[in-house]
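# Fold and geometry: a report
Here is how the chains run, residue by residue.
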Amino acid sequence: MSALEKLKAAFVSAIGVPATAEFDNLAYGRTVGWDSIAHMSLVNEIESSFDIMLDTDDVIDMSSFAKAREILGKYGVVFA
Amino acid sequence: MIFNIDEPQRQKQIALTDAASNISWTYSQLCDEVQSRRDFLASRPGLVFHFCNNDLKSVAWYLACLEAGSPVALLSGQLNLGLRADLISVYKPDWIISDQQPENSYASTPHNGVWQCAEGPDALLNPALALLLSTSGSTGSPKLVRLTRENVTANASSIRDALGIEDDHFPVAHLPLHYSYGLSVLNSHLLAGARILLTNLGLMNVGLWDAVRHYKANSFSGVPYTYQMLRRLDLDKVNAPSLLIFTQAGGKLDPPHISHFHEQVTRRGGTFWVMYGQTEATARMTILPASELPRKLGSAGKAIPGGRLSIKEENGEVTSAANPTGELVYEGPNVMMGYAQAREDLSHGDELHGRLETGDRASLDDEGFVTILGRSKRDAKLFGLRVNLDELEGFVKKNGPAAAVSGGDRVVIFCEFGSEENLQSVRSELATRLRIHSSAFQFRRIDQLPTTLGGKIDYEQLRKLL
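Source: prediction; values computed, not measured. (Residues numbered from 1 in each chain as written. Chains lettered and ligands numbered in written order. Predicted model: local features only at pLDDT ≥ 70, side-chain atom pairs only at ≥ 80, totals over all residues. Heavy atoms only, no water.)

## Quick notes on the overall build of chain A
In plain terms, the rule: A run of DSSP states H or I qualifies as a helix once it reaches four residues; a run of E qualifies as a strand once it reaches two. Both are numbered from the N-terminal end. It is over C-alpha atoms that the radius of gyration is taken, and the globule rule equals 2.2 Å times the number of residues to the power 0.38. Should any heavy atoms of two residues lie within 4.5 Å, those residues are considered in contact. The Shrake-Rupley method, run with a 1.4 Å probe, gives the accessible areas here. Residue values count only the displayed protein chains as cover. His residues and chain termini do not enter the charge count, which takes Lys and Arg as positive and Asp and Glu as negative. Working definition for charges: the position is that of NZ of Lys, CZ of Arg, CG of Asp or CD of Glu.
If you tally the helices and strands in chain A, you get four helices and zero strands. Mapped in sequence order, the helices and strands of chain A form the string α-α-α-α. Taken over C-alpha atoms, the radius of gyration comes to 11 Å for chain A, in line with the 12 Å a tight globule of 80 residues would show. The C-alpha extent of chain A, read off along each of the three principal axes, is 30 × 25 × 20 Å. Partitioning the contacts of chain A with sequence separation of at least 6, the portion at a separation of at least 24 is 46%. Taken as a whole, chain A presents about 4100 Å² of accessible surface, with 49% of it coming from carbon and sulfur. The averaged location of the 12 negative side-chain charges in chain A is 6 Å from the averaged location of its 6 positive side-chain charges.

## Re the sheet that holds strand β26 (residues 441–445) of chain B
Residues and elements named next belong to chain B. Basically, it comes down to this: The pairing criterion for strands is at least two bridges between them, as found by DSSP. Whenever a helix is involved, its axis is fitted only over the stretch in contact; in every case the axis is a line through C-alpha atoms, and angles between N-to-C directions fall within 0 to 180 degrees.
Taken in spatial order, the three strands make up an open sheet running β24-β25-β26, and their pairing is mixed. The open sheet terminates on both sides in strands that have one partner only, identified here as β24 (402–407) and β26. Strand-to-strand twist across the sheet, computed as the mean angle between neighbouring axes with direction ignored, equals 25°. Strand direction decides the pairing type here: β24 and strand β25 (residues 410–415), joined by six bridges, are antiparallel. Residue pairing across strands places Ala402 opposite Cys415, the latter belonging to β25.

## A short note on the interface of chain B and chain A
Frequently, the measure chosen for interface size is the accessible area removed from exposure when the parts meet. For clarity, the cut-off: One speaks of a salt bridge when a side-chain nitrogen belonging to Lys or Arg is within 4 Å of a carboxyl oxygen belonging to Asp or Glu. For this analysis, a polar contact is any N or O atom pair within 3.5 Å, provided that within protein one partner can donate a hydrogen and the other can accept it, and provided that sequence-adjacent residues contribute only side-chain to side-chain pairs. Asp, Glu, Lys and Arg are counted as charged, while Ala, Val, Leu, Ile, Met, Phe, Trp, Tyr, Cys and Pro are counted as nonpolar; the rest, among them Gly, fall into the polar class.
The interface of chain B with chain A comprises 14 residues on the first partner and 16 residues on the second. Remark: the boundary between chain B and chain A carries one salt bridge. Summed over the shared surface of chain B and chain A, the result is four residue pairs in polar contact (both at pLDDT 80 or more). Counted by class, the side of chain B that touches chain A contains nine nonpolar, two polar and three charged residues.

## Focus: the domain arrangement of chain B
Residues and elements named next belong to chain B. The criterion, for reference: Segmentation of the chain into domains, including their bounds, is taken from an automatic or database domain assignment. The quantity reported as buried area is the accessible area (1.4 Å probe) lost by two parts once they are put together, taken as the sum for both.
Partitioning chain B into structural domains gives domain 1 (2–373) and domain 2 (382–464). Tallying the contact residues gives 15 residues for domain 1 and nine residues for domain 2. Between domain 1 and domain 2 the total buried area reaches about 1000 Å² when both faces are included, carbon and sulfur atoms providing 50% of it. One can count zero salt bridges joining domain 1 with domain 2. Counting every contact that joins domain 1 to domain 2 gives zero residue pairs in polar contact (both at pLDDT 80 or more). Class assignment for the residues of the side of domain 1 that touches domain 2 results in four nonpolar, 10 polar and one charged.

## Points about the packing of helix α2 (residues 36–50) of chain A against helix α7 (residues 224–233) of chain B
What counts, and what does not: Any angle between 65 and 115 degrees counts as roughly perpendicular, while under 35 counts as roughly parallel, over 145 as roughly antiparallel, and the rest as oblique. By convention, the crossing between two helices is left-handed when the near helix turns anticlockwise from the far helix through less than a right angle, and right-handed when the turn is clockwise.
At a minimum axis distance of 11 Å, the contact between α2(A) and α7(B) shows a crossing angle of 40°. Considering their axes alone, α2(A) and α7(B) lie oblique with respect to each other. Here α2(A) runs over α7(B); the crossing is left-handed. Along its contact with α2(A), which presents Ser36(A), Ile37(A), Met40(A), Val43(A) and Glu47(A), the element α7(B) presents Tyr225(B), Met229(B) and Arg232(B).

## Regarding unusual backbone geometry
Residues and elements named next belong to chain B. To keep it simple, the criterion reads: To sort residues, take the accessible area from a 1.4 Å probe on protein chains only and compare it with the maximum for the residue type: under 20% means buried, over 50% means exposed, and anything in between is partly exposed.
For the peptide bond that leads from Leu293 to Pro294, omega is 5°, which places it in the cis range. For Asp234, which is not glycine, the phi dihedral falls at a positive 80°. One non-glycine residue with positive phi stands out, namely His353, at about 50°. For His353, the position within the fold is in the loop between β19 (338–340) and β20 (355–364). The exposure class of His353 is exposed, given its relative accessible area of 63%.

## Concerning empty space enclosed by the protein
All names here are of chain B. Stated precisely, the cut-off is as follows: We place a 1 Å grid over just the protein atoms. Points where a 1.4 Å probe fits but has no way out form a cavity, open points with protein on both sides within 12 Å along at least 5 of 7 lines form a pocket, and any residue with an atom within 4 Å of a point lines it. Grid points are joined across faces, edges and corners, and a volume is the space filled by probe spheres set on the points.
Taken as a whole and judged by the stated rule, the model has two cavities of 30 Å³ or more. What lines the largest cavity is a set of 13 residues, among which Asn155, Ser184, Asn187, Thr282 and Ala283 lie closest to the centre. For the lining of the largest cavity, the elements supplying multiple residues, two or more each, are β8 (129–134), α4 (149–163) and α5 (180–191). Counting residues per element, the lining of the largest cavity draws most heavily on α5, at five residues. The class makeup of the residues in the lining of the largest cavity is seven nonpolar, six polar and no charged.

## A few points about the pairing of strand β14 (residues 271–277) of chain B
Residues and elements named next belong to chain B. Judged by how many residues are buried, β14 sits mostly within the fold: five of seven residues are covered. Pairing of strand β13 (residues 245–248) with β14 involves four bridges; the strand directions are parallel. Within β14, the residue paired with Ile245 across the bridge is Thr271. Pairing geometry for β14 and strand β15 (residues 284–288), over four bridges, is antiparallel. Across the sheet, residue Met275 finds its bridge partner in β15, namely Ile287. In sequence, β14 turns back onto β15 through a hairpin of six residues, with Thr282 there showing a positive phi of about 70°.

What follows is the structure, given as structure tokens:
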């Protein structure tokens with residue numbers, strides 16, 4: 001699975017959006033289902049699929065799909 | 001006025017700050033905002049449905065209802081239209097306060113966001129009824145708790161005294177106001193003449209921490225799940241050194257988490273308070289003084305001022321044994337009048353007479369400290385929300401035979417039907433319906449649900465499978 005696919009899968013599982021969602025439109029607090037509980041679940045999913053540990057600032061800064069990609073970049077994840 | 005908000009000495013002090021708009025109201029402004037709304041509501045006494053958010057207007061309308069003597073049901077402003085319509089048809093409120101326009105039988109009023117029922121009121125309201133709260137928050141259940149003004153003010157006063165809330169306390173009110181714990185934070189601090197920072201943001205949102213930092217709020221409240229998240233974030237790393245007072249309620253936080261926060265908060269010179277309550281008791285029943293940690297780790301504390309605890313044994317008698325274990329019974333001026341399931345029930349008077357059988361199993365030590373052991377009723381607590389397992393089961397059973405048991409912080413649902421894929425879709429449907437994250441539900445396929453000799457589902461057997 002590519003990094004992008006893994007990230008999408010984490011969003012599908014944690015936030016409950018369909019696999020066909022417009023991922024770039026997803027935003028914390030705006031997307032139905034993306035509340036603090038789903039956010040915690042998303043953080044757990046991302047940490048286990050990429051085998052990383054996110055810093056506090058990154059956890060609370062990860063407010064959109066694009067932001068998640070950007071943050072993961074800091075941890076050495078490469079999106080082809 | 002309610003909570004002494006019109007007390008002369010505090011009129012120039014700030015009562016409320018809205019983090020989203022950066023607008024603040026002094027107590028004097030708050031009184032004006034409440035008074036004009038009270039006069040408007042008094043033009044037609046009746047039941048108010050208030051779909052509220054954590055903002056200035058919502059607080060003003062809530063207080064205006066209490067002042068006007070109009071019973072108000074505080075409901076989640078996030079409730080979807082279907083659930084709203086169901087509740088409206090069951091309770092037929094005379095007024096609706098909401099960002100969203102209700103169905104046709106409600107007409108707009110000069111107040112933006114306030115609608116009035118076109119037809120006349122059709123059922124009597126008990127004169128003592130002041131506030132209606134849901135025990136399950138956002139699930140849209142029609143079961144509401146009936147509270148009096150005396151319930152609300154007595155509980156606010158007990159909480160203020162037990163926590164020692166002063167006018168320089170400054171909580172960030174992020175728990176929803178339609179949730180009894182969230183509302184109690186507002187009530188007890190208004191009574192103390194303190195300032196309250198209102199926000200709809202959760203602690204996973206950077207905006208919440210920016211607001212806490214900017215306004216230097218010093219008090220924080222959370223349910224177990226809030227503290228689990230805060231543990232993951234790490235309180236020392238969210239850069240909110242102003243926070244010094246921490247309270248926890250809404251379910252049992254594991255003792256290792258309590259120890260962790262007690263130590264971390266003590267290091268910054270603050271205090272950590274474990275509390276216990278139910279919406280049926282307005283909010284609070286017991287508080288563990290921060291100074292009793294770690295000595296009384298695991299306990300939910302002592303009865304709040306004006307309250308009394310006792311234990312009812314299995315045989316139904318109130319026991320006088322030393323360190324008794326059984327169902328916790330609470331007596332105090334904050335005990336509800338009773339439940340309501342529909343409009344007709346709102347005419348009923350006090351059915352409990354100040355005595356609440358909590359449905360929680362507990363033990364009481366010789367110093368009066370209580371330890372909550374678990375629920376004796378068919379309820380589960382998921383992310384701080386109470387969910388009745390029979391109701392949940394009823395929803396799943398539309399698809400086939402199923403039984404639900406509580407497994408700590410999640411519910412396990414055993415089903416005699418469905419493929420893996422099938423159960424996944426029932427799971428997400430259930431999560432959407434109850435507005436609770438799907439990770440709280442685990443579906444398991446079972447060939448045949450175990451039954452008792454009487455033919456009922458044998459939940460004890462099911463629990464052994466967990």
